[in-house]
Amino acid sequence: MIALQNINFRYAGGNDAGGLENINLTIPDGQVLLLCGKSGCGKTTLTRLINGLIPNYYDGKLTGNVLLNGKNISQLPLYETAKYVGSVFQNPRTQFFTVDSTSELAFGCENQGLPENEIVERVKFIADQFDIEPLMGKNIFCMSGGEKQKIACASVSVSDPPIMVLDEPSSNLDISATEDLRHMIQRWKEQGKTVVIAEHRLYYLRDLIDRVLYLEDGKIEKDYSASEALALSAEQQIQMGLRPFNIFEFPISIRALTDQRQFICTNFHFAYTRQYDALHIDSLTLPQGSIIAVIGHNGAGKSTFARCLCGLEKHCKGVVNINGNQYNRKQRLSLCYMVMQDVNHLLFTESTEEETGKKSRWIRKNRCKMPGAGTGIRKRFQRSFHGCELCRKQSP
């Protein structure tokens with residue numbers, strides 16, 4: 001049983017975002033608990049308390065007790081907590097310690113000092129149970145996002161902890177990979193494990209959850225049973241900042257294109273290896289001034305296309321034609337900006353003010369290549385922090 005008693009937490013640096021206030025919570029053994037709420041409400045922080053990353057890894061001011069079968073988790077070293085709690089992060093790459101999948105599955109048991117023959121048997125059993133035999137022995141960093149998530153789930157299962165904590169595990173997965181994740185969670189539920197999931201995407205959990213906690217501003221605002229949560233209307237869920245449990249209840253609006261201008265991408269070909277052609281687009285016409293969704297399964301080439309369009313891949317010789325003007329790869333580097341899956345690749349400084357200022361200086365330096373981009377930079381920078389002076393010194 002997990003018990004959180006009078007928990008208050010605030011991250012170091014004086015930032016209230018993601019903190020927790022007056023949390024009292026008991027999670028019985030074998031319960032599948034969903035943590036939901038708007039971004040920054042404290043979901044991830046709650047998972048970090050359960051798996052011991054707070055206070056062992058993340059600094060801050062913590063009061064109250066987090067108990068696991070009567071033991072205070074905050075007073076246990078992480079290697080002891082890992083025997084009881086397995087964690088699957090939003091980005092599985094951040095929890096890998098080896099290069100190949102077989103070694104990754106064995107890593108946790110090796111750290112616990114289990115006999116070699118027992119580790120081999122456990123790895124074989126989990127690989128068969130999770131249907132990942134085709135992935136064994138392969139380089140993890142050559143796998144798709146869904147395959148990486150499978151390896152992450154399987155690796156914590158090999159150690160067989162009674163508690164599983166997942167932080168937005170479906171965020172980078174397509175429908176097929178999300179269904180595989182659902183089956184993994186279902187197996188844990190059948191095995192009687194306690195599963196705590198912080199998630200925005202809810203539909204795939206509707207048949208698995210026993211309980212739903214809705215957090216807001218670091219507090220538990222609602223504590224629902226599964227039936228109570230599923231009885232909420234789509235309108236109520238949207239007002240709460242949640243995605244509907246039923247994907248067919250998502251609101252849909254259709255808008256006609258008002259801007260008839262187009263831009264053309266030609267000769268967009270790219271391969272990461274000689275044997276595999278990751279992108280093969282001879283010609284593509286897209287509307288200007290529009291929001292365009294690039295969809296497809298994990299590994300279909302969506303990120304590759306985005307990187308080539310922005311000019312980030314040197315070996316893609318594609319050209320973009322806009323209003324009769326052609327732009328090669330180097331020219332597009334000054335015209336495009338890409339927000340990546342892992343935002344840590346985009347952050348270089350210690351405060352929000354410095355980070356935004358760095359981007360502003362880059363725009364000013366390149367304004368000759370970006371028509372109109374050099375005007376009013378300082379005003380836009382000041383406007384971005386209007387009413388939020390605390391954000392200036394906040395760590396990204």
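Computed from a prediction, not measured in an experiment: that's the story for all the values here.

Rules of the game
Residues numbered from 1 in each chain as written. Predicted model: local features only at pLDDT ≥ 70, side-chain atom pairs only at ≥ 80, totals over all residues. Heavy atoms only, no water. Phe/Tyr/Trp six-rings, centres within 6.5 Å; stacked < 30°, edge-to-face > 60°. Helix = DSSP H or I, 4+ residues; strand = E, 2+ residues; numbered from the N terminus. Buried < 20%, exposed > 50% of the residue type's maximum accessible area, 1.4 Å probe, protein only. Lys NZ or Arg CZ within 6 Å of the ring centre and 35° of its normal. Contact = heavy atoms within 4.5 Å. Pairing = 2+ DSSP bridges. Axes fitted to C-alpha atoms, helices over the stretch in contact; angles between N-to-C directions. Expected span 1.5 Å × (residues − 1). Arc of directions from axis to C-beta.

**Student:** Help me out: how do you make sense of the packing of aromatic side chains in this one?
**Tutor:** Any two aromatic rings considered together are summarised by their centre-to-centre distance and by the angle between their planes. Counting across every chain of the model gives nine aromatic pairs. Ring plane angle 85° and centroid distance 6.3 Å describe the contact between Phe96 and Phe141, whose orientation is recorded as edge-to-face. A residue pair is termed long-range when its members are at least 10 positions apart, and Phe96 in the loop between β6 (85-88) and α4 (101-111) and Phe141 in the loop between α5 (116-129) and α6 (145-158) qualify at 45 residues. Judged by relative accessible area, which is 10%, Phe96 ranks as buried. Through a chain of ring-to-ring contacts, the aromatic side chains of Phe9, Tyr11, Tyr57 and Tyr58 assemble into a single cluster. If you follow Arg48 out to its NZ or CZ, it ends over the ring of Tyr58, 3.9 Å from the centre. Between Arg187 and the ring centre of Phe130, over which it is positioned, the NZ or CZ distance is 5.4 Å.

**Student:** How should I be thinking about unusual backbone geometry in this particular structure?
**Tutor:** What is expected of a backbone is that most residues other than glycine have negative phi and most peptide bonds are trans. Cis geometry marks the peptide bond from Ile54 to Pro55; its omega dihedral reads 10°. Relative to the helices and strands, Pro55 resides in helix α2 (residues 53-56). Backbone geometry at Asp217 places phi at a positive 50°, although glycine is not the residue there. Along the polypeptide, Asp217 turns up in the loop between β9 (211-216) and β10 (219-225). The class for Asp217 is exposed, based on a relative accessible area of 65%.

**Student:** What is the right way to look at the environment of Met1 in this model?
**Tutor:** Within the secondary structure, Met1 sits in the segment before β1 (2-11). Residue classification places Met1 among the partly exposed positions, given a relative accessible area of 43%. A sequence separation of 28 residues divides Met1 from Asp29, and the C-alpha atoms of the two residues are 5.1 Å apart. For Met1, the residues in contact, after removing those within four places along its chain, are Thr26, Ile27, Pro28, Asp29, Leu67, Leu68 and Asn69.

**Student:** Looking at this structure, how should I read the sheet that holds β6?
**Tutor:** The strands making up a sheet are joined through hydrogen bonds of the backbone, oriented either antiparallel or parallel. Pairing in this open sheet of six strands is mixed, and the strands run β6-β7-β8-β3-β9-β10 from one edge to the other. The two strands at the open ends of the sheet, each matched to only one other strand, are β6 and β10. Strand-to-strand twist in this sheet, taken as the mean axis angle between neighbours without regard to direction, amounts to 15°. Along the sheet, α6 makes contact with β6 and β7 (163-167), crossing β6 at roughly 175°. Of the strands in this sheet, β3 (32-36), β7 and β8 (194-198) touch helix α7 (residues 175-190), which is tilted by about 155° from β7.

**Student:** Sorry if this is basic, but what is going on with α5 here?
**Tutor:** The α-helix winds at 3.6 residues per turn, so residues separated by three or four positions along the chain end up facing the same way. Under the 1.5 Å per step criterion, the end-to-end length of α5 is 20 Å for 14 residues, consistent within 8% with the ideal 20 Å. The set of residues buried in α5 consists of Ile119, Val123, Ile126 and Ala127. Viewed end-on, α5 has its buried residues packed into an arc of 100°, placing them on one side of the element. Across from the buried face of α5, at angles greater than 90 degrees, the exposed residues are Asn117, Glu121, Lys124, Phe125 and Asp128. Summarising the contacts, the buried residues of α5 are in contact with α4 and α6. Asp131 sits one or two residues past α5 and shows a positive phi near 55°.

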